Amino acid sequence: MPIDRIEIDLVKLPYVHFFETSLGRSFDRMFSLIRVFEGGVVGWGECVAEEAPLYSGETAETAWHLMKDFLVPLVLRKGLVEPQDYAREAAVFRGNPMAKAGIELALWDLKAKKAGLPLHRIYGGVREEIDAGVSCGIEDSVPELVEAIGRYLDQGYKRIKIKIKPGWDVAACAAVRGAFPDIMLQADANGAYGLSDMATLKALDAYDLLMVEQPFAPPDLWDHAKLQREMKTALCLDESVESFDTARAALEMGSCRIINIKVGRVGGVVEMRRIHDFCESRSVPVWCGGMLESGIGRAHNLHIATLPDFKYPNDLSASRRYYAEDLIDPSIELSGPGTIRVPDGPGIGVNPVESRIAKASLKKEVFKK
Ligand code: OSB
Ligand code: MG
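Residues numbered from 1 in each chain as written. Chains lettered and ligands numbered in written order. Predicted model: local features only at pLDDT ≥ 70, side-chain atom pairs only at ≥ 80, totals over all residues. Heavy atoms only, no water.

## Quick word on the pattern of salt bridges
Stated precisely, the cut-off is as follows: The rule for a salt bridge is simple: a side-chain nitrogen of Lys or Arg has to be within 4 Å of a carboxyl oxygen of Asp or Glu. Numbering of helices and strands runs from the N terminus, with a helix taken as a DSSP run of H or I at least four residues long and a strand as a DSSP run of E at least two residues long. Only protein chains enter the accessibility calculation, which uses a 1.4 Å probe; a residue whose area is less than 20% of its type maximum is buried, one above 50% is exposed, and one in between is partly exposed.
Following the criterion strictly, the structure yields 39 salt bridges and no others. For Asp109, the salt bridge identified is with Lys113, shortest N-O distance 2.7 Å. Placement of the pair is Asp109 and Lys113 together in helix α3 (residues 97-115), with a separation of four residues, close to one helical turn. A relative accessible area of 24% places Lys113 in the partly exposed class.

Encoded structure:
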C-alpha cells in the first residue's frame with residue numbers, strides 16, 4: 001500500500017540548560033517531526049535542521065520548504081514506501097541532507113513497524129545496549145564546566161566531550177583532565193580553527209584525548225590531513241563528512257582516523273550505511289553523534305548505534321540531559337552505568353506523546369495523496 005498521508009510539525013523545545021559551542025549559545029531547539037501513514041500504521045522521523053544555518057547550511061525552515069514542495073510530493077506522487085526507493089528518488093535533488101533524512105527515517109520506522117520488528121533488527125545491529133557519552137557545552141567559567149562534568153560522571157556516563165573554541169581550549173582541557181585523570185575525554189571545535197592555530201591544536205596532545213573533532217571548517221579536508229600528520233591525537237570529522245564520497249576522500253587523504261556518524265548530516269540511513277560499511281572495511285571506527293534530538297530522533301540514533309563499527313561511546317544521553325519534558329513517554333534513561341538499552345518494541349520502539357507535540361508545535365501541515 002502506498003503512503004496515504006504525511007504530517008509535519010515544526011516544534012520548539014526549551015533545553016534544561018543552555019548549550020554553547022564555538023558557533024554560539026542557544027536556549028532551545030527548533031526541529032521538525034514527520035509522520036508517514038500507511039493505512040493505520042504510522043512511521044516517525046525527526047529532521048535535525050536547526051533554527052539558524054550555523055552547523056550546516058540547512059535551517060528548520062529550508063528543510064520545511066524542501067519537504068513540503070519537493071520531497072513529500074515525490075513520495076505521494078510516486079507512491080514510494082520503501083526507504084531505499086525513496087533514497088534513490090530523493091537523490092535527484094541536490095544537497096539538503098537533513099530534509100531528506102527526516103522523511104527517510106519515518107519510512108524506516110514504518111517498515112519496521114509493519115514487520116513487527118525493532119529497527120535494530122532490520123538494520124542487522126549487533127548489540128542491545130549502547131555506550132552513552134555526554135557532550136558538554138561551553139560554560140561561563142572553567143570551574144562551572146568541571147562541576148557539570150562531575151555531575152554527569154556521577155550519573156555514570158562513560159565518556160565526556162567538551163566543546164572548544166579559541167580562548168576555551170588548552171586551559172579547559174588541562175582543568176578537566178586535572179580534575180578527572182582517568183576519564184575518556186574528547187574535544188569538539190565545530191570548525192573554529194585554521195592552519196594558523198596549529199600550535200594550539202598540537203598542545204592538546206598533552207591531555208590524552210580520545211580524539212579531537214572537527215578542528216577546521218567543513219570543506220578543509222586537505223588541511224585536516226596536514227594537521228593529522230602533525231598530531232598524535234586522532235582527528236574525528238563531523239561536519240566535513242556529508243556523504244559517502246567525502247568520507248572516502250577524507251580517509252584516502254588521511255584527514256582523520258575516526259568518523260562521527262549523524263544520519264541527518266549525510267542524508268539518511270542508506271547513505272549512512274554506505275559510510276559505515278566502508279569505514280568497517282578500512283578498520284576505521286565510527287560512533288554516533290547527536291543533534292540534541294528529541295526522544296524520537298534519539299531513538300532512531302540508538303538503533304543506528306547498534307551497527308558493528310560503532311566502536312566508541314556515542315553522543316547519546318538520557319532525555320533529562322536535554323529536555324525537562326521529552327516528547328516520548330517513557331523517556332530515555334540510562335539502563336546501567338553509562339549504557340542505554342535499545343528499545344525492543346516495533347520500529348523505533350518509543351511512544352511519542354501527541355499532547356506534548358501539539359503544545360510544542362509552531363505550525364503543522366497535513367499532506368494527502
Ligand atoms: O558538533 O556534535 C556536534 C549538537 C548540535 C550540533 C552539533 C553538535 C552537537 C552536539 C550534541 O555535540 C550532541 C548530543 O546530541 O548529545
Ligand atoms: Mg561535532
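## With respect to empty space enclosed by the protein
For clarity, the cut-off: Cavities and pockets were defined on a 1 Å grid built over protein atoms only: a cavity is a set of grid points that admits a 1.4 Å probe from which the probe cannot escape, a pocket is an open set flanked by protein on both sides within 12 Å along at least five of seven lines, and lining residues are those with an atom within 4 Å of any such point. Grid points are joined across faces, edges and corners, and a volume is the space filled by probe spheres set on the points.
Within this structure, the stated rule accounts for one cavity of 30 Å³ or more. The computed volume of the largest cavity comes to approximately 100 Å³. Around the largest cavity, the lining comprises 13 residues; the ones closest to its centre are Val48, Val263, Gly264, Glu293 and Asn301. Of all elements in the fold, only α10 (263-266) and α12 (295-304) reach the threshold of two or more residues within the lining of the largest cavity.

## Quick word on the domain arrangement of the protein chain
Applied cut-off: What marks off one domain from the next here is an automatic or database domain assignment. Any two residues whose heavy atoms approach within 4.5 Å at even a single point are treated as in contact. The quantity reported as buried area is the accessible area (1.4 Å probe) lost by two parts once they are put together, taken as the sum for both.
Here the protein chain is partitioned into domain 1 (5-116 + 354-368) and domain 2 (121-341). Each of domain 1 and domain 2 has a C-alpha centre, and these two points are 23 Å apart. Facing 38 residues of domain 1, the contacting portion of domain 2 comprises 42 residues. Buried area between domain 1 and domain 2, summed over both chains or domains, comes out near 3400 Å², and the portion from carbon and sulfur atoms is 66%. Interface area lost by domain 1 to domain 2 is led by Phe19, Tyr55 and Arg356, which between them contribute 22%. Linking domain 1 to domain 2 there are four salt bridges.

## What about the packing of helix α8 (residues 221-230) against helix α9 (residues 244-253)?
As a reminder, the rule being used: The axes are straight lines fitted to the C-alpha atoms, using for helices just the contacting stretch, and the angles between their N-to-C directions are given from 0 to 180°. By definition, any crossing whose near helix is turned counterclockwise from its far helix by less than a right angle is left-handed, and any crossing with a clockwise turn is right-handed. Amino acid classes used here: Ala, Val, Leu, Ile, Met, Phe, Trp, Tyr, Cys and Pro are nonpolar; Asp, Glu, Lys and Arg are charged; the rest, including Gly, are polar.
Running from N to C, α8 and α9 cross one another at 35°; their axes reach a closest spacing of 9 Å. In the crossing of α8 with α9, the sense of the turn from one axis to the other is right-handed. Judged by residue contacts, Leu221, Trp222 and Ala225 of α8 engage Thr246, Ala249, Ala250 and Met253 from α9. The residue inventory of the contact of α8 with α9, partitioned by class, reads six nonpolar, one polar and no charged.

## What about the environment of Glu213?
If you trace the backbone, Glu213 turns up in strand β8 (residues 212-213). Judged by relative accessible area, Glu213 falls into the buried class, the value being 0%. C-alpha separation for the pair Glu213 and Lys161, spaced 52 residues apart in sequence, amounts to 9.5 Å. The contact partners of Glu213, leaving out residues within four places of it in the chain, are Lys161, Gln186, Ala187, Asp188, Ala189, Asn190, Cys236, Asp238, Asn260 and Trp287.

## Here we look at the sheet that holds strand β1 (residues 5-21)
Selection criterion: Strand pairing is assigned whenever DSSP identifies at least 2 bridges connecting the two strands.
In spatial order, the strands read β3-β2-β1-β13; together these four strands make up an open sheet with antiparallel pairing. Of all strands in the sheet, those bounded by a partner on one side alone are β3 (41-47) and β13 (361-368). Taking the axes of each pair of neighbouring strands and ignoring which way they run, one obtains an average angle of 25° across the sheet. Across seven bridges, strand β2 (residues 24-38) lies against β3 in antiparallel orientation. Its bridge partner being in β3, Val36 is matched across the sheet by Gly43. Packed onto the sheet, α3 meets β2 and β3 and runs at close to 150° relative to β3. In the packing of α12 onto the sheet, the strands contacted are β2 and β3, and the crossing angle to β3 comes to about 95°.

## Side note on the coordination of the magnesium ion (ligand 2)
This is how the line gets drawn: Donor atoms are limited to N, O and S found within 2.8 Å of the metal ion, a distance that becomes 3.2 Å for Na, K and Ca. With water left out, some sites might look partial.
At this site the magnesium ion (ligand 2) is bound by Asp188 (OD), Glu213 (OE) and Asp238 (OD), with donor distances of 2.1 to 2.3 Å. Ordering the donors of the magnesium ion (ligand 2) by residue number gives the pattern D-x24-E-x24-D. One end of the pair, Asp188, is in strand β7 (residues 184-188); the other, Glu213, is in strand β8, and 25 residues separate them in sequence. Like Glu213, Asp188 is buried.

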